[in-house]
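# Observations on the model geometry
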Amino acid sequence: MATAANTTTAGAAKDGALAATAAAPAKTLTGIVKQVLSGDTVVIRASKGAPPPEKQITFSHVLAPKLARRPGAGGDETKDEPWAWDSREYLRKKLIGNEVTFTFDKPANSNREYGFVWLGKDKETGENIVESIVREGLVTVRREGRPTPEQQTLIELEDQARAANRGKWAPNVNSADKVRNIKWAHENPAHIVDVYGGKPVKAIIEHVRDGSTVRAYLLPDFHYITLMISGIRCPGVKLDADGKPDLSVKVPFADEARYHVETRLLQRDVEIRLESVNNSNFIGTILYPKGNIAESLLREGLAKCVDWSMAVMKTGADKLRAAERVAKEKRLRQWQDYQAKTPTFNSKEKDFTGTVVEVFNGDAINVRVANGQVKKVFFSSIRPPRDQRAVVGTDGEEIVKAPPRGKNYRPLYEIPHMFDAREFLRKKLVNKKVQCNLDYISPLRDNFPEKHCYTVLIGGQNVAEAMVAKGLATCVRYRQDDDQRSSAYDQLIAAEQQAIKGLKGLHAKKDNATLRVNDLTVEHSRIKVQYLPSWQRALRTEAIVEFVASGSRLRLYVPKDSCLVTFLLAGISCPRSSRPALNGVPAQEGEPFGDEALTFTRERVLQRDVSVHIDTTDKAGSSVIGWLWTDQNVNLSVALVEEGLAEVHFSAEKSEYYRLLKSAEDRAKVAKKNIWANYVEQVPEEKVVIEEEKDEKVPVERKVNYENVIVTEITETLTFFAQSVDNGPKLETLMSKLHADFQANPPIAGAYTPKRGDLVAAQFILDNQWYRAKVERIQGNNASVLYIDYGNKETLPISRLAALPASFSSEKPHATEYALALVALPADNEDKEEALRTFSDDVLNHKVQLNVELKVGGGPHLASLHDPTTKTDFGKQLVADGLVLVEKRRERRLKELLEQYRAAQDAALAAHLAIWKYGDITQDDAPEFR
């Protein structure tokens, strides 16, 4: 007989819980058939309760053939008696899940309760099940003793069945055909999974161990299996020290989960899709008429998703996640204390499309969005290949980081498969449009900045999933309650399982060798001897641009020779770009249009396949010089010249491309592009005039050319910033566009990492508006910036800085710094403050007239300021009021003005004004006071 379900103790409490339909002595009750144990025994449960009480009823006066018993289930293995399965199936199909009426009594000295069962709520009109199974010839009627009226009826029905050759009484049926060949054990469970090939197989659920584990027969071969439901885990029974179920410990929701499954699956016809094995247990999905039982359990909060088994699912993992999400949101059962950990994002921050401009080492890309801003995008829930010397834990995290390498260590080439991963992304993504969907933000930790992690799609394909499937990345393992993961995490896990099974990439059994690269950017001596001759002979050599240092200086990787080399564009001279501070070397400002040339080159060739022809090396032999064609077959030297970002170098005259270069330069000059914006064609006569002026040695006189300005900022060293009044409308237009752009596309806080010397957008603390600024200093999480259009400075958190869109970076600063001409502040701090306060009252935020008195290299020009109405010279007035000193200067052009300032100072001294109150303070500099 099959393993019986747990029965409850018969007694007043249980009987009272079942729905009574007759007086107590008759013991007539109603219930729902939960399980059929054999052709003569059923388990009936009450209609109410979760779980409800149960009662096992054995049919009176009949005996059914015994079902097979599996080994270890309370004894040795036995086989079916003939017709045992047929009788059990007759009752199962007729009774399971249906309401019945039953009577029972318990004979003296018996542990069983015997009775009759009628289908429906009324035994007067319902079908007598005992009589029906006797009529079908599937059980034997007991004939000992004096028969009761009920027994006599059964005897007569059995005689009729014998006469009609029904069921077991059929004479021509081979009894061996009515005995199942049950496969209780399986030496190779994985083979059975492969045989069924992921296709649904018909099955009957025989036992529910807990909400996520059942035993079932696979039909028609009668494989008896223990099945763990894919993708979920329900609360189960606690085990004692011996590994046996400890029924004294109640696990919350365990009984409710088991009951949920029993009422829907126990002894029902279902379909099972086998998907994997775990030791001797099978893993699979159970489909019943109303859907997937796993989804139902998750939706009710009776189960939780399990990553490891969800990875083996063929389909439907996303539906399980969605069902679990419903229970979380409603805080059902196991999720009653659930608190969401994932932050919310606005739609603009969460989803965007853009063009990939750069790929990092296998786990991140730079994407340019429509407004020109470049965002760094990390792939969600994957890790690129890592240094094999690191010690990695079971969760994939580095327990011990790899020891540091030498200064010439290049992880892209020396970490196995890192270059393959980068190349896969480069070829698939660079200069292509992608859709980025934000999944989570990884917080700052271990000196690593905050990371915005996205699911990146190209043509509807998940890029991270494609990488994992090729074995070029691995999946991050999370705690079960950690929701900060990719929205396609289950697909990533499934792809990783397939990669492991296929021994792809990182999962290959053979040793992962590093890529051997000859770094000619370090080993310069090998260029001329080993590589240059073959490069010169080749018409073109294929290469990949790995780095762009300036508009005309690049680093190439040549796959044919597996080498890195510094490459200079031939035939042109390009403005030097700015350089950030690095390794103690201070930042360097670039030449005009140097950064524009760098951007032009980066946008066209960085990480692209190019072809080059190499002519020679530079004087030091450390770099090669040649011509480069983009993937669109455009000569980059010619393109830079035509854009006005480079000029033709004299060395190009002997080149076959000289005509192209010269024509491009002429067109750029005519169009006044970039470096040629102020170009005026030279007239020979002008040179003669200049030389005559030099020969005549005419004394230089002071030039007066007043410009209307507004003073916007005054520094503590008496320099000031001024804006041209004529450029006021232009500045207003610029600010309006900038504010509107950042309001429409607010940057992600912390997404931008500024460097000293960067031109950025900064959010002014007083009005929270965005302005153009230059980073002067980085200290911790704060940055000191200069607002280049106003002259004021501010220290603010890095989170209030963002990349300045390219459309706003080309316009020159609207505030220019000047030094007040011919005057110096007194040494005393109080006198200094008084002078600065007076000067501020006179000119700050006022419209004044400015005249540049002397242009100074490497510092602010000296300028005087004048009242446009009274023509008062504000610097001279400060001297006359005794607030500042007159500088000692010898320029001839300033001689007359300097005499006027000294006369004003002598008058202030004579009147003992302000700093001269106690006499001549300059006498302290005489030798006798030193």
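Residues numbered from 1 in each chain as written. Predicted model: local features only at pLDDT ≥ 70, side-chain atom pairs only at ≥ 80, totals over all residues. Heavy atoms only, no water.

Turning our attention to the pattern of salt bridges. As enumerated under the stated definition, the model contains 46 salt bridges in all. For Glu158, the salt bridge goes to Arg143, with nearest N and O atoms at 2.6 Å. You can see Glu158 sitting in helix H4 (residues 149–163) and its partner Arg143 sitting in the loop between strand S9 (140–141) and H4, a full 15 residues away along the chain. Residue Glu158 is classed as buried on the basis of its relative accessible area, which comes to 0%. Between Arg837 and Glu834 there is a salt bridge whose closest N-O contact spans 2.4 Å. Here the residue Arg837 and the residue Glu834 both occupy positions in helix H21 (residues 829–843), the gap between them amounting to three residues, near one helical turn. Since its relative accessible area comes to 45%, Arg837 is described here as partly exposed. Salt bridges sharing common partners tie together Arg88, Glu89, Arg92, Glu206 and Asp269. (Salt bridge = Lys/Arg side-chain N within 4 Å of Asp/Glu carboxyl O. Helix = DSSP H or I, 4+ residues; strand = E, 2+ residues; numbered from the N terminus. Buried < 20%, exposed > 50% of the residue type's maximum accessible area, 1.4 Å probe, protein only.)

Let us now look at the sheet that holds strand S37 (residues 719–724). Pairing in this closed barrel of five strands is mixed, and the strands run S36-S37-S43-S46-S45 around the ring. In this sheet, adjacent strand axes meet at a mean angle of 60° when their direction is disregarded. Note: strand S36 (residues 707–714) against S37, five bridges, orientation antiparallel. The residue of S37 that forms the bridge with Glu713 is Phe721. (Pairing = 2+ DSSP bridges. Axes fitted to C-alpha atoms, helices over the stretch in contact; angles between N-to-C directions.)

This part is about the side chain of Asp80. For Asp80, the location among the structural elements is in the loop between strand S5 (62–63) and helix H2 (84–95). There is a polar contact of 2.5 Å between the side chain of Asp80 and the side chain of Arg180. When sequence neighbours within four positions are dropped, the list of residues in contact with Asp80 reads Lys66, Leu67, Ala68, Trp85, Val179 and Arg180. (Polar contact = N/O pair within 3.5 Å; in protein donor to acceptor, adjacent residues only side chain to side chain. Contact = heavy atoms within 4.5 Å.)

Right, let's get into empty space enclosed by the protein. Taken as a whole and judged by the stated rule, the model has two cavities of 30 Å³ or more. The volume enclosed by the largest cavity comes to roughly 70 Å³. Residue lining of the largest cavity: Ile32, Val33, Lys34, Arg45, Pro52, Glu54, Gly97, Tyr259, Glu262, Thr263 and Arg268, and that is the complete set. Listing elements by their share of the lining of the largest cavity, those giving two or more residues are strand S2 (28–38) and helix H6 (254–265). In terms of domain composition, the lining of the largest cavity takes at least three residues from each of domain 1 (27–175) and domain 2 (189–240 + 250–335). Empty space within the second largest cavity amounts to approximately 40 Å³. Ala68, Glu77, Thr78, Lys79, Asp80, Arg180, Asn181, Ile182 and Trp184 together form the lining of the second largest cavity. (1 Å grid on protein atoms, 1.4 Å probe; cavity = no way out; pocket = protein on both sides within 12 Å on 5 of 7 lines; lining within 4 Å. Points joined across faces, edges and corners; volume = space filled by probe spheres on them. Domains from an automatic or database assignment.)

In the structure shown here, the tally under the stated rule is 25 aromatic pairs. Between Phe742 and Trp770, the ring centres sit 4.8 Å apart and the planes meet at 20°, which makes this aromatic pair stacked. Pair noted here: Phe742 is in helix H20 (residues 728–744) and Trp770 is in strand S39 (residues 770–779), with a separation of 28 residues, a long-range link. Each member of the pair, Phe742 as well as Trp770, is classed as buried. A centroid spacing of 5.4 Å and a plane angle of 75° characterise the contact between Phe764 and Tyr787, whose relative ring orientation is edge-to-face. Placement of the pair is Phe764 in the loop between strand S38 (759–763) and S39 and Tyr787 in strand S40 (residues 782–787), with a sequence separation of 23 residues. Taken together, the ring pairs connect Trp85, Trp184, Tyr217, Phe222 and Tyr224 into an aromatic cluster. Here the basic side chain of Lys304 rests over the ring of Trp335, its NZ or CZ set 4.6 Å away from the ring centre. Lys375 extends its terminal NZ or CZ atom over the ring of Phe352, reaching a point 4.5 Å from the ring centre. (Phe/Tyr/Trp six-rings, centres within 6.5 Å; stacked < 30°, edge-to-face > 60°. Lys NZ or Arg CZ within 6 Å of the ring centre and 35° of its normal.)

This next bit is on the side chain of Asp741. With respect to the secondary-structure elements, Asp741 resides in helix H20. When residues no more than four places from it in sequence are discounted, the contact partners of Asp741 are Asn371, Pro805 and Phe808.

Next up on the list: the sheet that holds S39. Ordered in space as S41-S40-S39-S38-S42, the five strands form an open sheet in which the pairing is antiparallel. Two strands lie at the open edges of the sheet, namely strand S41 (793–797) and strand S42 (801–803), each paired on one side alone. Adjacent strand axes in the sheet meet at a mean angle of 50° when their direction is disregarded. Sitting on the sheet, H20 touches S38, S39 and S42, and the angle it makes with S39 is about 75°.

A regular strand places its side chains on the two faces of the sheet in alternate fashion. By the criterion of burial, strand S24 (residues 433–442) is predominantly enclosed, with seven of the ten residues buried. For strand S18 (residues 351–359) and S24, the ladder comprises five bridges, and the chain directions are antiparallel. By the bridge assignment, Phe352 is partnered in S24 with Cys436. Where S24 lies against strand S25 (residues 451–458), seven bridges are found, and the strand directions are antiparallel. Residue pairing across strands places Ser442 opposite Lys451, the latter belonging to S25.

Now for H2. Owing to its 3.6 residues per turn, the α-helix brings residues three or four apart onto one side. Compared with the 16 Å implied by 1.5 Å per residue over twelve residues, the 17 Å span of H2 between its first and last C-alpha is a close match. A large share of H2 lies buried, amounting to nine of its twelve residues. Residues of H2 that are buried: Ala84, Trp85, Ser87, Arg88, Glu89, Tyr90, Leu91, Arg92 and Leu95. At the exit of H2 stands Gly97, carrying a positive phi of roughly 80°. (Expected span 1.5 Å × (residues − 1).)

A few words now on the pairing of S2. Burial within S2 is extensive, with eleven of its eleven residues counted as buried. The pairing of S2 with strand S6 (residues 99–105) spans five bridges and is antiparallel. Looking at S6, one finds that Gly31 is bridged to Val100. As paired elements, S2 and strand S3 (residues 41–45) share five bridges and run antiparallel to each other. Looking at S3, one finds that Val33 is bridged to Ile44. Between S2 and S3, which pair antiparallel and follow one another directly, the connecting turn spans two residues.

Across its twelve residues, helix H16 (residues 594–605) extends 17 Å between first and last C-alpha, which sits within 8% of the 16 Å expected from 1.5 Å per residue. What H16 keeps buried is the set Gly594, Ala597, Leu598, Phe600, Thr601 and Val605. Buried residues of H16, seen end-on, are gathered within an arc of 160° and therefore sit on one face of the element. Looking at the buried residues of H16, the elements they touch are strand S29 (541–548), strand S30 (553–558), strand S33 (609–617), strand S34 (624–629) and helix H17 (636–642). (Arc of directions from axis to C-beta.)

Residue Pro220 is bonded to the preceding Leu219 through a cis peptide linkage, with omega at 5°. Positionally, Pro220 belongs in the loop between strand S11 (213–218) and strand S12 (223–229). The backbone of Asn674 shows a phi angle near 50°, a positive value even though the residue is not glycine. With respect to the secondary-structure elements, Asn674 resides in the loop between helix H18 (658–670) and helix H19 (684–696).

This next bit is on the environment of Arg702. Within the secondary structure, Arg702 is located in the loop between H19 and S36. Each C-alpha atom of the pair Arg702 and Arg892 lies 8.4 Å from the other, and the pair is 190 residues apart in sequence. Contacts of Arg702, omitting those with residues within four sequence positions, involve Asn851, Glu853, Ser864, His866, Arg893 and Leu897. A polar contact is formed between the side chain of Arg702 and the side chain of Glu853, at a distance of 2.7 Å.

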